[in-house]
Amino acid sequence: MDSLRLHYDVPGDDFTRAGAASGDVKRMLKQLGISPTVIRNVAVAMYEGEINLVIHAGGGEIDVEVSETEISMVLSDHGPGIEDVELAMKEGYSTAPDNIRCLGFGAGMGLPNIKKYTDEFRIETEVGVGTTLFLKVYIQ
């Protein structure tokens, strides 16, 4: 199989479209016959990242590459960046405002879940510049 590349623009502050990219990738992986466990891991990690783009960064971009051995995802934004990555990685820590929490988001599980459901997780962030997540889920 040749690698498959997908690109998604994620609009900021639009919860009606949040999850569209991860849902599309999930459907595509099912059509390719990828195992349900791999699909779940990709869908959870990508959805959490997509929601973070909407809540914290005013939107961003997601690039996905599917090869025979892995699914790579790069989620990038030009948002405020993360001041303390170690703190942001703690379960339950959230900088989401109250109006977002009232919608059921912002529980502080986004980054921890992304790390939990991926085989490789790397974050690059600079305050005032933005954040990029580099994620991989192995198919084998």
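Conventions we followed
Residues numbered from 1 in each chain as written. Predicted model: local features only at pLDDT ≥ 70, side-chain atom pairs only at ≥ 80, totals over all residues. Heavy atoms only, no water. Pairing = 2+ DSSP bridges. Helix = DSSP H or I, 4+ residues; strand = E, 2+ residues; numbered from the N terminus. Axes fitted to C-alpha atoms, helices over the stretch in contact; angles between N-to-C directions. Contact = heavy atoms within 4.5 Å. Salt bridge = Lys/Arg side-chain N within 4 Å of Asp/Glu carboxyl O. Buried < 20%, exposed > 50% of the residue type's maximum accessible area, 1.4 Å probe, protein only.

## Observations concerning the sheet that holds strand β5 (residues 130-138)
Next up, step 1: Sheet architecture is open: five strands sit in the order β1-β2-β3-β5-β4, paired in antiparallel fashion. Looking at strand neighbours, the two that pair on one side only are β1 (4-11) and β4 (120-126), the edges of this open sheet. Sheet twist, expressed as the average angle between the axes of neighbouring strands with direction ignored, equals 10°.
Next up, step 2: The sheet contact formed by strand β3 (residues 70-76) and β5 spans seven bridges and is antiparallel. Bridge pairing in β5 places V74 opposite F134.
Next up, step 3: Against the sheet, helix α1 (residues 20-31) contacts β1, β2 (59-66) and β3, and its axis sits at roughly 160° relative to β1.
Next up, step 4: Helix α2 (residues 36-56) contacts β1, β2, β3 and β5 of the sheet and is inclined by roughly 5° relative to β3.

## Observations regarding the environment of G23
Next up, step 1: Inspection of the secondary structure assignment puts G23 in helix α1.
Next up, step 2: G23 sits 21 residues away from V44 along the chain, and the two C-alpha atoms are 9.9 Å apart.

## Overview of the pairing of β2
On any regular strand, side chains alternate: one points to one face of the sheet, the next to the other face.
Next up, step 1: The pairing of β1 with β2 spans eight bridges and is classified as antiparallel. Note on β2: the bridge partner recorded for P11 is G59.
Next up, step 2: Following β2, the chain reverses through three residues before pairing antiparallel with β3.

## Comments concerning the side chain of N41
Next up, step 1: In this fold, N41 is placed in helix α2.
Next up, step 2: Leave out the neighbours within four places in its chain, and N41 touches Y117 and V137.

## Thoughts on the pattern of salt bridges
Next up, step 1: This structure, assessed with the given rule, holds four salt bridges.
Next up, step 2: A salt bridge links R27 to D24; the nearest nitrogen and oxygen atoms lie 3.9 Å apart. Separated by three residues within a single helix, R27 and D24 lie in helix α1, roughly one turn from each other.
Next up, step 3: A salt bridge links E70 to K136; the shortest N-O distance between them is 3.3 Å. Residue E70 is found in strand β3, and its partner K136 is found in strand β5; the two are separated by 66 residues along the sequence.
Next up, step 4: Using a relative accessible area of 18% as the deciding quantity, one classes E70 as buried.

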